[in-house]
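# Descriptive structure summary
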Amino acid sequence: MPTPTKGPRLGGSPAHERLMLANLATSLFKHGRITTTETKAKRLRPIAERLVTFAKRDDLAARRRVRRVIREKDTFVELFEQIAPRYVNRPGGYTRIVKIGPRRGDAAPMAIIELVEELEVATTSNAKTEKRKAAKADVVAALAGDTDEETPAAAKAEDAEDTANVSDEETAAEVEAIEAEADEKK
């Protein structure tokens, strides 16, 4: 059970606070970004991130856990079908809080909490490193005496080559350097 927060609650009672945070989470998933006070945004962030993590799991238990908080059917379906698939490769950090200054009238500190967009850059760099690892594995296999024409590492390297825009000159230079070291050892 999570430790209760110290100090005054956002609402008058624990039940009111839970309902308020549930409504904020629903609005966040419905609109993608909301403007609220800094305190509410900081309290909403762990709840929203936990809901996205459950939605990524997408099993019956996860759906029931999320349904306890997100009661609007349209928002619930959008979370599981559109929002969660965007963050499949992201281990966490689905929200961002941006402070925007005091509110006019009572000077309460305001903030925008929004869902971050997924990064496409991470997938291309992973393919590049996979190709290099496969090339090094082929050289090590050749040194060990394995003379298979098509090793699994070579197959992975070809797949990675198709998906990533990596210059063949860099990889060829690395392979030649490794082969030169192997020839010196013989």
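Whatever comes next refers back to the structure up there.
Conventions and cut-offs
- Residues numbered from 1 in each chain as written.
- Predicted model: local features only at pLDDT ≥ 70, side-chain atom pairs only at ≥ 80, totals over all residues.
- Heavy atoms only, no water.
- Phe/Tyr/Trp six-rings, centres within 6.5 Å; stacked < 30°, edge-to-face > 60°.
- Buried < 20%, exposed > 50% of the residue type's maximum accessible area, 1.4 Å probe, protein only.
- Lys NZ or Arg CZ within 6 Å of the ring centre and 35° of its normal.
- Core = buried A, V, L, I, M, F, W, Y, C linked by side-chain atoms within 4.5 Å.
- Helix = DSSP H or I, 4+ residues; strand = E, 2+ residues; numbered from the N terminus.
- Contact = heavy atoms within 4.5 Å.
- Patch = residues over 30% accessible without salt bridge, like charges linked within 9 Å, V, L, I, M, F, W, Y side chains within 5 Å.
- Areas by Shrake-Rupley, 256 points an atom, 1.4 Å probe, with all protein chains shown as cover.
- Salt bridge = Lys/Arg side-chain N within 4 Å of Asp/Glu carboxyl O.
- Lys, Arg positive; Asp, Glu negative; His and termini not counted.
- Charge placed at Lys NZ, Arg CZ, Asp CG, Glu CD.
- Pairing = 2+ DSSP bridges.
- Axes fitted to C-alpha atoms, helices over the stretch in contact; angles between N-to-C directions.

Turning our attention to the packing of aromatic side chains. Evaluation of the coordinates by the stated rule reveals two aromatic pairs. Their ring planes at 50° and their centres at 5.2 Å tell us that Tyr 87 and Tyr 94 sit as a pair that is tilted. Tyr 94 matches Tyr 87 in its accessibility class, with the two residues each being buried. Lying over the aromatic face of Phe 80, Arg 63 brings its terminal NZ or CZ to 4.3 Å of the ring centre. Lying across the ring of Phe 76, Arg 67 places its NZ or CZ 5.0 Å from the centre.

So, about the nonpolar core. If you look at the biggest cluster of nonpolar residues, it comprises 27 residues, and the most contacted ones within it are Leu 28, Phe 29, Leu 44, Val 66, Ile 70, Leu 79 and Tyr 87. Elements represented by at least two residues in this core include exactly α1 (14–31), α2 (38–57), α3 (60–69), α4 (73–86) and β3 (109–115). At seven residues, α2 tops the list of elements feeding residues into this core. The residues touching Ile 70, leaving out its near neighbours within four places in the chain, are Ala 25, Thr 26, Phe 29, Leu 51, Thr 75 and Phe 76.

Moving on, we come to unusual backbone geometry. Of note, Asp 58 is a non-glycine position whose phi angle comes to about 55°, a positive value. Mapped onto the elements of the fold, Asp 58 is located in the loop between α2 and α3. On the accessibility criterion, Asp 58 (39% relative accessible area) is partly exposed. Even without a glycine there, the phi angle at Ala 107 is positive, about 60°. With respect to the secondary-structure elements, Ala 107 resides in the loop between β2 (95–102) and β3.

So, about a negative patch on the surface. Judged by side-chain charge, Glu 176, Glu 179, Glu 181, Asp 183 and Glu 184 come together as a negatively charged surface patch. Position of Asp 183 among the secondary structure elements: in helix α7 (residues 168–185). Judged by relative accessible area, which is 53%, Asp 183 ranks as exposed.

Another aspect to go through is the sheet that holds strand β1 (residues 33–37). Strand order in this open sheet of three strands is β1-β3-β2, and the pairing throughout is antiparallel. Each edge of the open sheet is held by one strand with a lone partner, namely β1 and β2. Here the average twist between neighbouring strands, direction ignored, is 25°. Direction of pairing for β1 relative to β3: antiparallel, over a ladder of five bridges. Following the sheet pairing, Ile 34 is matched in β3 by Ile 113.

Any functional reading would require information beyond the geometric quantities listed.
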